[in-house]
Amino acid sequence: MANEVGVFTLAELQALAHRWGQHLPSGTTLLLVGALGAGKTTFVQALGAGLGITDVIQSPTFTLLQEYPEGRVPLYHFDLYRLSAADVSELAPQRYWYGEEVELGIVAIEWPDRLPQWPTDYLKLELQRQGDRTHLALTAVGAATALLPMCLNR
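Residues numbered from 1 in each chain as written. Predicted model: local features only at pLDDT ≥ 70, side-chain atom pairs only at ≥ 80, totals over all residues. Heavy atoms only, no water.

Its location among the elements puts arginine 114 in the loop between strand E5 (106–110) and strand E6 (122–130). A polar atom in the side chain of arginine 114 sits 2.9 Å from the side chain of aspartate 113. Among all residues touching arginine 114, those that are not within four sequence positions of it are Leu80, Tyr81, Leu83, Ser84, Ala85 and Val88. (Helix = DSSP H or I, 4+ residues; strand = E, 2+ residues; numbered from the N terminus. Polar contact = N/O pair within 3.5 Å; in protein donor to acceptor, adjacent residues only side chain to side chain. Contact = heavy atoms within 4.5 Å.)

What follows is the structure, encoded as structure tokens:
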């Protein structure tokens with residue numbers, strides 16, 4: 001069941017994501033769902049700033065994956081928009097959410113519907129743009145449910 005987090009201005013959404021970046025632990029997987037322009041990449045950019053990442057975070061639409069190891073914890077940002085489930089399998093995203101062959105960090109995946117299988121623990125953010133505001137609903141699955149109190153505290 002999704003938890004309604006609320007309706008946010010751009011600045012409020014960025015502030016929320018920034019705070020999450022300061023507090024989410026390694027091993028957190030974020031699945032970002034929403035139409036083009038809903039704010040998925042904007043959320044990840046502010047999350048990265050909260051992690052202390054100084055590099056410019058851009059949508060990895062054409063590179064598919066960007067790794068940012070220099071923050072409080074590493075950030076792995078996937079954009080699966082242009083891929084099929086078979087193509088996604090070749091990227092082996094589970095290596096990132098399980099910390100296999102890479103340092104465990106925060107994994108942010110845009111367009112998770114392309115994943116052939118979802119992780120067992122995740123936060124799913126559903127973003128819907130409404131004029132100059134973004135509606136955010138949050139679903140926690142598995143161990144990620146322990147993160148809800150921090151995530152829902154505005």
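As a further point, take the pattern of salt bridges. Counting across every chain of the model gives three salt bridges. The partner of aspartate 113 in a salt bridge is arginine 114, and the shortest N-O contact between them spans 2.9 Å. Note on aspartate 113: relative accessible area 53%, which makes it exposed. A salt bridge links lysine 124 to glutamate 126, with the shortest nitrogen-to-oxygen separation between them at 3.7 Å. (Salt bridge = Lys/Arg side-chain N within 4 Å of Asp/Glu carboxyl O. Buried < 20%, exposed > 50% of the residue type's maximum accessible area, 1.4 Å probe, protein only.)

A few words on the packing of aromatic side chains. Under the counting rule described, the total for this entry stands at six aromatic pairs. Judged by centre distance (5.3 Å) and plane angle (80°), the ring pair of tryptophan 20 and phenylalanine 43 falls under edge-to-face. Of this pair, tryptophan 20 sits in helix H1 (residues 10–23) while phenylalanine 43 sits in helix H2 (residues 40–51); the two residues are 23 residues apart in sequence, bridging distant segments of the chain. Note on accessibility: tryptophan 20 and phenylalanine 43 belong to one class, buried. Seen in terms of ring centroids, tyrosine 81 and tryptophan 111 are 4.8 Å apart; in terms of plane orientation they differ by 50°. Their pairing is tilted. Taken together, the positions of tyrosine 81 in the loop between strand E4 (75–79) and helix H3 (85–91) and tryptophan 111 in the loop between E5 and E6 put the pair 30 residues apart, joining distant regions of the chain. Residue tyrosine 81 is classed as partly exposed on the basis of its relative accessible area, which comes to 30%. The class for tryptophan 111 is buried, based on a relative accessible area of 14%. One aromatic cluster is present, built from ring pairs that chain together Tyr76, Phe78 and Tyr96. (Phe/Tyr/Trp six-rings, centres within 6.5 Å; stacked < 30°, edge-to-face > 60°.)

Quick look at the sheet that holds strand E2 (residues 29–33) now. One open sheet accounts for seven strands, arranged E1-E7-E6-E2-E5-E4-E3; its pairing is mixed. Looking along the sheet, the strands with just one partner apiece sit at the ends: strand E1 (3–9) and strand E3 (65–68). Adjacent strand axes in the sheet meet at a mean angle of 20° when their direction is disregarded. In terms of strand pairing, E1 meets strand E7 (residues 133–141) through six bridges, oriented antiparallel. For phenylalanine 8, the partnering residue across the bridge sits in E7 and is threonine 134. H1 contacts E1, E2, E6 and E7 of the sheet and is inclined by roughly 125° relative to E1. (Pairing = 2+ DSSP bridges. Axes fitted to C-alpha atoms, helices over the stretch in contact; angles between N-to-C directions.)

Our focus in this paragraph is the confidence of the model for the chain. Taken as a whole, the chain shows an average pLDDT of 91; of its residues, 96% reach a score of 70 or greater. Confidence scores differ between elements of the chain, with H3 showing the lowest mean pLDDT of 81 and E2 the highest of 98. (pLDDT = per-residue confidence, 0-100.)

Membership of the largest hydrophobic core comes to 32 residues, with the highest contact counts inside it found for Trp20, Leu24, Leu30, Leu75, Leu123 and Leu125. Counting residues per element, the ones that place at least two in this core are E1, H1, E2, H2, E5, E6, E7 and helix H5 (148–152). Of all the elements, H2 adds the most residues to this core, at five residues. If you look at the next biggest cluster of nonpolar residues, it comprises 15 residues, including Leu31, Leu65, Phe78 and Val107. (Core = buried A, V, L, I, M, F, W, Y, C linked by side-chain atoms within 4.5 Å.)

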